[in-house]
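Listed below are the residues making up each chain.
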Amino acid sequence: MSKLLTAIILSLAVTLLGGGSDETPAAEVAPPTRGLAGSTAIPARRTETAKVLLALGRRGGDRATLRKAADKLATLNDGQIRLIASLSERVVGEGGPATDVALLLLTALLILS
């Protein structure tokens, strides 16, 4: 049941973000890089993690919740971090139903990943 729920949440997230089109550049779907010398993966990961924590903080997250979220984000791979960071950009956005759905998906992905 958990795998089915995760699959539904991920497909909703991709749909919400407009992913899956044939116009997606190859660089966006490339596998994540490890922390190689000269790689920008580590700073990008820190930036994306900061985006997620900022979005959660603006939506009323207390320090304990933000600490747990930061610990969870540290365990995720680069692709998962990118997906959650893009959802966090929607959460910080203008508001409305799309913002609420993005927050729901962000929270579900953090819990289930």
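Look up: the structure comes first, before these words.
Residues numbered from 1 in each chain as written. Predicted model: local features only at pLDDT ≥ 70, side-chain atom pairs only at ≥ 80, totals over all residues. Heavy atoms only, no water.

Caption draft 1: A look at the overall build of the chain. On a plain count of helices and strands, the chain comes out with 5 helices and 0 strands. Within the chain, the fraction of its 113 residues that count as buried is 24%. Of all intrachain contacts in the chain linking residues separated by at least 6 positions in sequence, the fraction that spans at least 24 positions is 70%. (Helix = DSSP H or I, 4+ residues; strand = E, 2+ residues; numbered from the N terminus. Buried < 20%, exposed > 50% of the residue type's maximum accessible area, 1.4 Å probe, protein only. Contact = heavy atoms within 4.5 Å.)

Caption draft 2: Local environment of the environment of serine 113. Locating serine 113 in the fold gives a position in the segment after helix H5 (97-112). By relative accessible area, serine 113 is classed as partly exposed at 31%. For the pair serine 113 and glutamine 80, spaced 33 residues apart in sequence, the C-alpha separation works out to 8.3 Å. When residues no more than four places from it in sequence are discounted, the contact partners of serine 113 are Lys72, Leu76 and Gln80.

Caption draft 3: Here's a closer look at H5. Its 16 residues place the ends of H5 22 Å apart at the C-alpha level, agreeing with the 22 Å of an ideal helix rising 1.5 Å per residue. Listing the buried residues of H5 in full gives Thr99, Ala102, Leu103, Leu105, Leu106, Ala108, Leu109 and Leu110. (Expected span 1.5 Å × (residues − 1).)

Caption draft 4: Structural context of the nonpolar core. In terms of nonpolar packing, the biggest core is built from 17 residues, with Val52, Leu56, Leu73, Ile84, Leu106 and Leu110 touching the most fellow members. Broken down by secondary-structure element, the contributors of at least two residues to this core are helix H2 (41-58), helix H3 (63-75), helix H4 (78-92) and H5. With 6 residues, H5 is the largest single contributor of residues to this core. With residues near it in sequence (within four places) discarded, leucine 106 still touches Val52, Leu56, Ile84, Leu87, Ser88 and Val91. (Core = buried A, V, L, I, M, F, W, Y, C linked by side-chain atoms within 4.5 Å.)

Caption draft 5: Quick look at the environment of glutamine 80. Examined against the element boundaries, glutamine 80 turns out to sit in helix H4. Along the backbone, glutamine 80 and leucine 110 are 30 residues apart, and their C-alpha atoms lie at a distance of 9.3 Å.

Caption draft 6: Examining the side chain of serine 88 more closely. Along the polypeptide, serine 88 turns up in helix H4. Excluding residues within four positions of it along the chain, serine 88 makes contact with Lys51, Val52, Ala55 and Leu106.

Caption draft 7: Looking closely at the pattern of salt bridges. Within this structure, the stated rule accounts for 3 salt bridges. The salt bridge partner of aspartate 78 is arginine 45, with a shortest N-O separation of 2.8 Å. With aspartate 78 in helix H4 and arginine 45 in helix H2, this pair connects stretches of sequence that are 33 residues apart. Accessibility expressed as a relative area gives 14% for aspartate 78, which makes it buried. (Salt bridge = Lys/Arg side-chain N within 4 Å of Asp/Glu carboxyl O.)

Caption draft 8: Expanded view of the environment of alanine 50. With respect to the helices, strands and loops of the structure, alanine 50 is situated in helix H2. Counting along the chain gives 35 residues from alanine 50 to alanine 85, while the straight-line C-alpha distance between them is 8.6 Å.

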